[in-house]
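Residue-level structure breakdown
Given next are the chains, with one letter for each unit.
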Amino acid sequence: MEFNVSSAELLKALMDVQKAIPAKTALPILENFLFRLENGQLEITASDQELTLRTTIAVDGESKDGSIAVPARQIVELLKALPDQPIVIKTAGEGSFECIWNNGNSSLPYFPASDYPQIKTTGEDAQQITVPAEVLAEGIGSTIYATADDEMRPAMNGIFFDVAESSTTLVASDSHKLICYTTPEVKAAQAASFILHKKPAGVIKAILDKQGDVEISFDNNNVMFKFGSTLMICRLIVGKYPKYRDVIPQNNANILKIDRIQLLNTVKRVAVCANKASNHIKFDLKPGQLEITAQDLGFALAAYEKIACDYNGDSLAIGFKSSFMIEILSNMTCDNVVMKFADARRAALIVPSEEEEESEKICGILMPIMVS
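My aim in this report is to walk through the structure given alongside it, one point at a time.

Each value, and the rule that gives it
- Residues numbered from 1 in each chain as written.
- Predicted model: local features only at pLDDT ≥ 70, side-chain atom pairs only at ≥ 80, totals over all residues.
- Heavy atoms only, no water.
- Pairing = 2+ DSSP bridges.
- Helix = DSSP H or I, 4+ residues; strand = E, 2+ residues; numbered from the N terminus.
- Axes fitted to C-alpha atoms, helices over the stretch in contact; angles between N-to-C directions.
- Contact = heavy atoms within 4.5 Å.
- Core = buried A, V, L, I, M, F, W, Y, C linked by side-chain atoms within 4.5 Å.
- Buried < 20%, exposed > 50% of the residue type's maximum accessible area, 1.4 Å probe, protein only.
- Phe/Tyr/Trp six-rings, centres within 6.5 Å; stacked < 30°, edge-to-face > 60°.

**Here we look at the sheet that holds strand S22 (residues 301-308)**
- The strand order across the open sheet built from 4 strands is S22-S21-S20-S24, with neighbouring strands paired in antiparallel fashion. Taken across any chain shown, the strands that pair with only one partner, and hence form the sheet edges, are S22 and strand S24 (316-321). For this sheet, the mean angle separating the axes of adjacent strands, direction not counted, is 20 degrees.
- Looking at chain direction, strand S20 (residues 280-286) and strand S21 (residues 289-296) are connected through 5 bridges and run antiparallel. Looking at S21, one finds that Asp284 is bridged to Glu291.
- Sitting on the sheet, helix H6 (residues 322-330) touches S20 and S24, and the angle it makes with S24 is about 85 degrees.

See below:
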């Protein structure tokens, strides 16, 4: 194998796929990038067998096709230390390759490409959808924080993609809070669904170019995302996601409309004096006003703040975990939110106000807690 390439371009490609290199593995070959050169195109693959990232870059001038596995840490550190310049990479005998730059070179080991495990992709029966990259990034960003870390219920550790004929909804929940992101821009010929683990969801959000479309194909075991010159393949979470629509409140009659930033900052201030173990705060709602309180009797801490608001409904005292409330409000981008309550024991619905652009996109549910 031999090819010429820009050091900066190669480094960018390696950094794009490096997130799939495992920190620890029982298969040492997975600590390497797989280089496959054919017809002037260098395909670079990294995998931990659960998550695979692959990208392709064009090489310069004449090249000699071939395939090798190269040590990830050393090649990345070398390229980071090089200024942008043309470099030559070529095999130089049994088990080693050279990286040659303007006034120097290095020799690194390589391993046979045949040692690299076969990457499983989606099957012939895979379903396909196309998602605008900006919508996918927004959907993942709006929901990923609500996923769980639950070994007993692995389905809750990912984002549920509920694809329908009219729209697609991304759902995440840890049983205390539930977030739905719905977009009419993504539709399918027939209803389908899959659960994407939070780790690959975070990876694709980080490397996604916000322009263009993402082609998604999925079957019962794997999902494949294709955008630009990058391909991501990952194993899906197998399991049945709870019927999330059944828990979304429909007729909460007590309605609070308030500035999101004002509410967020008030909750943050009051939560400073909440019990560190429980993070409990209390909302006391009356027409036209909201009082938020917190206390930690063990350390003689207490906080109270009253704010004017638009509230229509019965007088109501309801408790929440402040950290969950802060998460939901921080991950919305609207100016005003609407909170709808039934009573102190049932879940509160949190949505952007009707005037907001995202009013039909985001829906949050927060379970209350009992407070004295």
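So much for the structure itself; the text now carries on.
**A look at the nonpolar core**
- Residues Leu10, Phe33, Phe35, Phe225, Leu263, Phe283 and Leu290 are the most contacted members of the largest nonpolar core, which totals 105 residues.
- Leu290 has contacts with Leu256, Ile258, Leu263, Phe283, Asp284, Leu285, Glu305, Lys306, Ile307 and Cys309, leaving out every residue within four places of it along the chain.
- With 18 residues, the next largest nonpolar core counts Met156, Phe160, Ile195 and Leu349 among its residues.

**Notes on the sheet that holds strand S1 (residues 2-6)**
- Sheet architecture is open: 5 strands sit in the order S5-S1-S7-S8-S9, paired in antiparallel fashion. The open sheet has two edge strands, strand S5 (60-64) and strand S9 (104-109), and neither has a second partner. Neighbour-to-neighbour, the strand axes of this sheet turn through a mean angle of 20 degrees, independent of strand direction.
- Of the strand pairs in this sheet, S1 and S5 are connected by 2 bridges, and their pairing is antiparallel. The partner of Glu2 across the bridge, within S5, is Lys64.

**Considerations on the packing of aromatic side chains**
- In the structure shown here, the tally under the stated rule is 7 aromatic pairs.
- On the numbers, 6.1 Å between centres and 70 degrees between planes, the contact of Phe160 with Tyr244 is edge-to-face. Of this pair, Phe160 sits in strand S12 (residues 158-163) while Tyr244 sits in the loop between strand S18 (230-235) and strand S19 (254-259), placing them 84 residues apart in sequence. Summarising the burial analysis for this pair, Phe160 and Tyr244 share the class buried.
- Grouped by ring-pair contacts, the aromatic residues Phe160, Tyr241 and Tyr244 constitute a single cluster.

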